[in-house]
Structure formats: structure tokens, C-alpha cells
Amino acid sequence: MKKEFLKSFSKLTKNEKIEVLRKGIAKSDLKEIVSSYWHSNPGHQKLFEEFSENTISNFYLPYNIAPNFLINKTIYHVPMVIEESSVVAAASNSAKFWSERGGFQSSVISTKKLGHIHFIWPNGIKVFENKFTALKQEIITSLSPITEKMEKRGGGITSIKLKDLSDQLKNLYQLEFEFETKEAMGANFINSCLEMGAETLNKFVVEKLNNPDGFKIIMSILSNYTPECLVKCSVETEIKELETLSDFSAQEFAERFETAVRIAQVDPHRATTHNKGIFNGIDAVVLSTGNDFRAVEACGHAYASKNGSYSSLTNIEIKNDKFKYTLTIPMALGTIGGLTSLHPLAKLTLEILGNPSSSELMNIAASVGLANNFSAVRALISKGIQAGHMKMHLNNILNQLNATTVEKTAAIKYFYDKTVSYSNVKTYLSVLRK
């Protein structure tokens, strides 16, 4: 596309935006491409366009089902939004294996969420400490119009703390708010509370403190790092039950698996890929429910670094002939509000899952994350990750090479026991077509 500044782009109609873009690129069928992905229902299309800004079309991702997840003695068929077939296959295979061995045991440890008012104050913390009780009460009172409905649902502000960070950044202090948002993820609720709380703080400093000079509110914002909004998920079985998972003995498999996990606990390079395997599953579930996968990822990676070095989010215990694998991860998910209440497929996802509470959804997402990670580590220590991945990727390669239905059928049969790569598939099709 030509590198020209587009003036007042957001004020153009959708068709005008498309025409501006079409003129700037060589591909003249831009409108035909983007319009082919518009929803056939004009009302749905309008809804999708109102989700975002400058929308000209919809970008489709596959909506998949990973069946037979046994979680806390309940069976779930879990929707996953992801373009990588091997992730869905891995989740499904792991779910089947563990469903026959007690399934996934998962529990939410806490759902506490945090937000902060960051401010500059040059006159020391004692001035605030002396009047902090009064300040808290004024803030809580001023926020009652916002918190009233949340409090009726059992949520709201659970505490406000004064934090001194002046040893790290000159004159920096915080008001740290703890929230309970029940079935909502709560981002808008939290930010609304913080911004109004900042107005009350500013008024309090001006009216109640003797020397407000130098006071300055920098920002008010929720934290996507929620280290106490935790879910813990595990699978457990006798070591002998691992016999079918590789060509190794069950004991050898367990020992190799343990070593692989320990490597991820001490090596940040391996830990990053190890944890990515967890988020393959979690992100797909989070996306399918209309929740914010970016916030979940950011929080999880921060938590993986909580001890000063990036490490695995999973832990393993092999003891008394038992194999136990555990994932502990923070995530803030909601089942009401935002896209969860607006996007038709997000609403369908929750219906397929039995309309879970936010805590139940956390358990489901964590279980799928652990399932994907278990399958990935299993593949790595046995046949390697590419064998299964490339088998699943074969259809994508065939589509790239414009294979016919007959050619696809023949290729899938041919590569059943052979190495899949782009060059190998291309060569095979060339021979087949001759």
C-alpha cells in the first residue's frame, strides 16, 4: 500500500474506507474480498462493526470443539477459537486420556483483582497516614453510586491500601484497591472506580491537607497482574498408567517428563515455549468466550517471573509410584459484561459449557491449558513435536498448493507413515499430477 497519510479516516463510511484503501494497493478486488466476509445477517454485521473502530470486514478463525473434558467430575465439550489444528487435537487427546484416570481436578484459590491510583507527593507518607482512615471513607462514600449494584451481587471494593514507592521513584505513592467483581471480568467497573476515586483523592488533598503543593495524580488504572486471582489445576495417576503414552516404559516416561519440566523451571528459553504451550489452550478458550486473552497472557507471564527469573507455570511430583502434574496460574475471566454478553458465538460458548460461573470458567480454561501442555511435553520427550504437528498441518499445505479433493485424499493416505514437509508434499503432488 502507498505510504500516504489518510486524513479523517475514522469519519469515512465503511465503503469510503474500502475505496481509499483500494486505490492505494495493486489488488483491485479488495472490496470483493472484504465484503465476502461480511455477515449475511445485516444486524449481526452492524454489531460486529460496533465492537471496534474503523472496521471494514470480519477476520474469521475456526471455532472448534475439544470434547470430553472431565473437570471436577463434570464433562465439558470445550469450544476453542484457534487456527492450529494440532492444538485442538492435542487438547482432545489429552482430555480423553485423563478422563479415564479421574480427569482434571481444579479449584479457584482467589478472585481478587487490583487497581491503583498513582500519585506524586513530596511531603512524606506521615501526612497521609495520619488522615488515611478519613480519606478511605470519603472515597468509599463517593464511589457508592458505582459500587451499589456490584455490592448487591456480593462484590465491590474489599480494601484500600496506601503504598510508599518513593524509594523506587522519587515522591511516588499509590492507593492500591482490591476488588471482587463476581461473574464480571470487571475492567470497566474497576477503572470507573479508580478514576472517580482519584477525583475524591484530589479534592481531599486540596481541602483537608495543610500543604497540597506538589501533589499530582499521574494515572488511575487497573492492574492486569492479579497474582492472587489464582486457579490451580492438576491431573494424577499411577505411573504404570503412563505405559501407553510412548515406546518407553512407564517409569522411563515419567522420569523423562519430570526432567523436561525441571528444565522449564530453570531455563527461561525453554520456559517461554513451555508456557506458550499452556496458553495455546487457555487463549483458545478465552477467545471463544469473548474474554481478553491479552490480559490473561500478560498476567500469566508476569506471574511466571514472580521469583525474579522467568520459569514454568507447571510443577510435577513423582512420589510413591504416583505421577501428579499441576498448573497454577492467575487469570481474570468473566461470564457477564463486555463481548461475553454481546457476541453471538461467545454467548453460545457459555451455553455449550452449561453457563458456568466465572470461577468454573477459570477451571475449564486452566484444564485445557494443562491438557495442551501435557500433550506437548509428551510429544517432545518421545516422537518429537513435528511428527504430530506436521501431520495436522498437511491439509494447510495441500490448500496452499491448490490440491483437489482427489489429490488431498491420496496425499493423506500417502503421508500416513512418511515425513510431512512443504517440499515433500509439493514433490508428491508434482509426481501425482504427471
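These lines cover the structure that appears in this document, whether it is placed above or below. (Residues numbered from 1 in each chain as written. Predicted model: local features only at pLDDT ≥ 70, side-chain atom pairs only at ≥ 80, totals over all residues. Heavy atoms only, no water.)

## A look at the overall build of the chain
Filter applied, for reference: In this description a helix means any DSSP run of H or I spanning at least four residues, a strand means any run of E spanning at least two, and both kinds are numbered starting from the N terminus. For every residue, the accessible area (1.4 Å probe, protein chains only) is compared with the maximum for its type, and the residue is labelled buried under 20%, exposed over 50%, or partly exposed between those bounds. Note on definitions: a residue-residue contact is assigned when non-hydrogen atoms from the two residues lie within 4.5 Å. Areas reported as accessible are Shrake-Rupley estimates using a 1.4 Å probe. Residue values count occlusion only from the protein chains shown.
Within the chain, the regular secondary structure consists of 16 helices and 10 strands. If one aligns the C-alpha atoms of the chain with their principal axes, the spans along those axes are about 90 × 70 × 40 Å. Across the 434 residues in the chain, those meeting the buried criterion constitute 43%. Relative to all contacts within the chain whose residues are 6 or more apart in sequence, the contacts with residues 24 or more apart total 70%. For the chain, the exposed area adds up to about 22,800 Å²; of that, 53% sits on carbon and sulfur atoms.

## Some thoughts on the sheet that holds strand E9 (residues 314-319)
Let me state the cut-off plainly: Two strands qualify as a pair provided DSSP detects at least 2 bridges between them. Whenever a helix is involved, its axis is fitted only over the stretch in contact; in every case the axis is a line through C-alpha atoms, and angles between N-to-C directions fall within 0 to 180 degrees.
Read from one edge to the other, the open sheet built from four strands follows the order E3-E8-E10-E9, with strand pairing classed as antiparallel. Only two strands of the sheet have a single partner each, and these edge strands are strand E3 (105-108) and E9. For this sheet, the mean inter-axis angle between neighbouring strands, taken without regard to orientation, is 15 degrees. Pairing analysis gives nine bridges linking strand E8 (residues 230-238) to strand E10 (residues 322-330), with the strands arranged antiparallel. Residue pairing in the sheet places Val231 in a bridge with Ile329 of E10. Taken strand by strand, helix H9 (residues 250-266) contacts E9 and E10, and its axis lies near 145 degrees from that of E9.

## Details of the environment of Asn15
Structurally, the position occupied by Asn15 is in helix H1 (residues 14-23). Aside from chain neighbours lying at most four places away, what touches Asn15 is Lys31 and Trp38.

## Comments concerning the nonpolar core
The line we're drawing: Nonpolar cores are built from buried Ala, Val, Leu, Ile, Met, Phe, Trp, Tyr and Cys residues. Side-chain atoms within 4.5 Å join them into one set.
Phe69, Phe104, Phe257, Phe323, Tyr325 and Met331 are the most contacted members of the largest nonpolar core, which has 62 residues in total. For this core, the leading source of residues is helix H13 (residues 358-380), giving 10 residues. Formed by 27 residues, the second largest nonpolar core is a distinct cluster that contains Ile117, Tyr173, Leu175 and Leu194.

## Here we look at the sheet that holds strand E6 (residues 172-180)
Backbone hydrogen bonds are what pair the strands of a sheet, in a parallel or an antiparallel way. In space, the four strands of this open sheet follow the order E5-E6-E4-E7, with antiparallel pairing throughout. Only two strands of the sheet have a single partner each, and these edge strands are strand E5 (156-164) and strand E7 (216-223). Going from strand to strand, the sheet's axes swing by 15 degrees on average, the running direction of each strand aside. Sheet contacts for helix H6 (residues 132-142): E5 and E6; angle to E5, the most-contacted strand, approximately 145 degrees.

## Overview of the environment of Ile75
With respect to the helices and strands, Ile75 occurs in strand E2 (residues 74-81). Here Ile75 falls in the exposed class, since its relative accessible area comes to 56%. When the C-alpha positions of Ile75 and Gly103 are compared, they lie 9.1 Å apart, and in sequence the two are 28 residues distant. Every residue in contact with Ile75, bar those within four places of it in the chain, is listed here: Asn68, Phe69 and Leu70.

## Structural notes on the pairing of E9
Of the strand pairs in this sheet, E9 and E10 are connected by six bridges, and their pairing is antiparallel. Its bridge partner lying in E10, Glu317 is registered against Lys324. Linking E9 back to E10 in an antiparallel pair, the connection comprises two residues, with Asn320 at a positive phi of about 55 degrees.

## Quick notes on the state of the cysteines
Basically, it comes down to this: In this description, the term disulfide denotes a pair of cysteine sulfurs within 2.5 Å.
As enumerated under the stated definition, the model contains zero disulfides in all. Note on Cys193: no disulfide assigned, nearest cysteine sulfur contributed by Cys229 at a separation of 16 Å. The exposure class of Cys193 is buried, given its relative accessible area of 0%. For the unlinked cysteine Cys233, the closest cysteine sulfur is that of Cys229, found at 15 Å.

## Describing the packing of H9 against helix H10 (residues 268-288)
Rules: Every angle not falling under 35 degrees, over 145, or within 65 to 115 is termed oblique; those three ranges are roughly parallel, roughly antiparallel and roughly perpendicular. Left-handed is the label given to a crossing in which the near helix is rotated counterclockwise from the far helix by less than a right angle, and right-handed is the label when the rotation is clockwise. Residues are grouped as follows: Ala, Val, Leu, Ile, Met, Phe, Trp, Tyr, Cys and Pro are nonpolar; Asp, Glu, Lys and Arg are charged; every other residue, Gly included, is polar.
Where H9 meets H10, the axes come as close as 6 Å, and the angle between the chain directions of the two elements is 115 degrees. By the angle class used here, H9 and H10 are roughly perpendicular. Crossing hand, H9 versus H10: left-handed. Seen from H9, the contacting residues are Val261, Ile263, Ala264 and Val266; seen from H10, they are Pro268, Arg270, Ala271 and His274. The residue makeup of the contact of H9 with H10, split by class, is six nonpolar, one polar and one charged.

## Comments concerning unusual backbone geometry
Phi at Asn54 is positive, roughly 60 degrees, even though this residue is not glycine. Position of Asn54 relative to the elements: it lies in the loop between helix H3 (42-51) and strand E1 (63-71). Looking at Asn54, the relative accessible area reads 32%, which means it is partly exposed. Non-glycine residue Asn171 carries a positive phi angle of around 65 degrees. Relative to the helices and strands, Asn171 resides in the loop between E5 and E6. A relative accessible area of 22% means that Asn171 is categorised as partly exposed.

## Focus: the packing of aromatic side chains
Centre-to-centre distance and the angle between the planes together describe a pair of aromatic rings. As a reminder of what qualifies: A pair of aromatic rings is counted whenever rings of Phe, Tyr or Trp (Trp by its six-membered ring) have centres within 6.5 Å, and the orientation is called stacked for planes under 30 degrees apart, edge-to-face for over 60 and tilted otherwise. Here, over-ring charges are defined by two tests on the NZ atom of lysine or the CZ atom of arginine: distance to the ring centre within 6 Å, and angle to the ring normal within 35 degrees.
One pass over the structure, following the stated rule, counts 21 aromatic pairs. Between Trp98 and Phe323 the ring centres are 6.4 Å apart and the planes differ by 15 degrees, which places this aromatic pair in the stacked class. In this pair, Trp98 sits in helix H4 (residues 85-99) while Phe323 sits in strand E10, placing the two residues 225 residues apart along the sequence. You'll find Trp98 and Phe323 in the same group, each marked buried. When the ring of Trp121 is compared with that of Phe215, the centres are 6.2 Å apart and the planes differ by 65 degrees; the resulting orientation is edge-to-face. In this pair, Trp121 sits in the loop between strand E4 (113-120) and helix H5 (125-130) while Phe215 sits in the loop between helix H8 (187-208) and E7, placing the two residues 94 residues apart along the sequence. Considered together, Trp121 and Phe215 belong to a single accessibility category, that of buried residues. If you follow Lys14 out to its NZ or CZ, it ends over the ring of Trp38, 3.8 Å from the centre.

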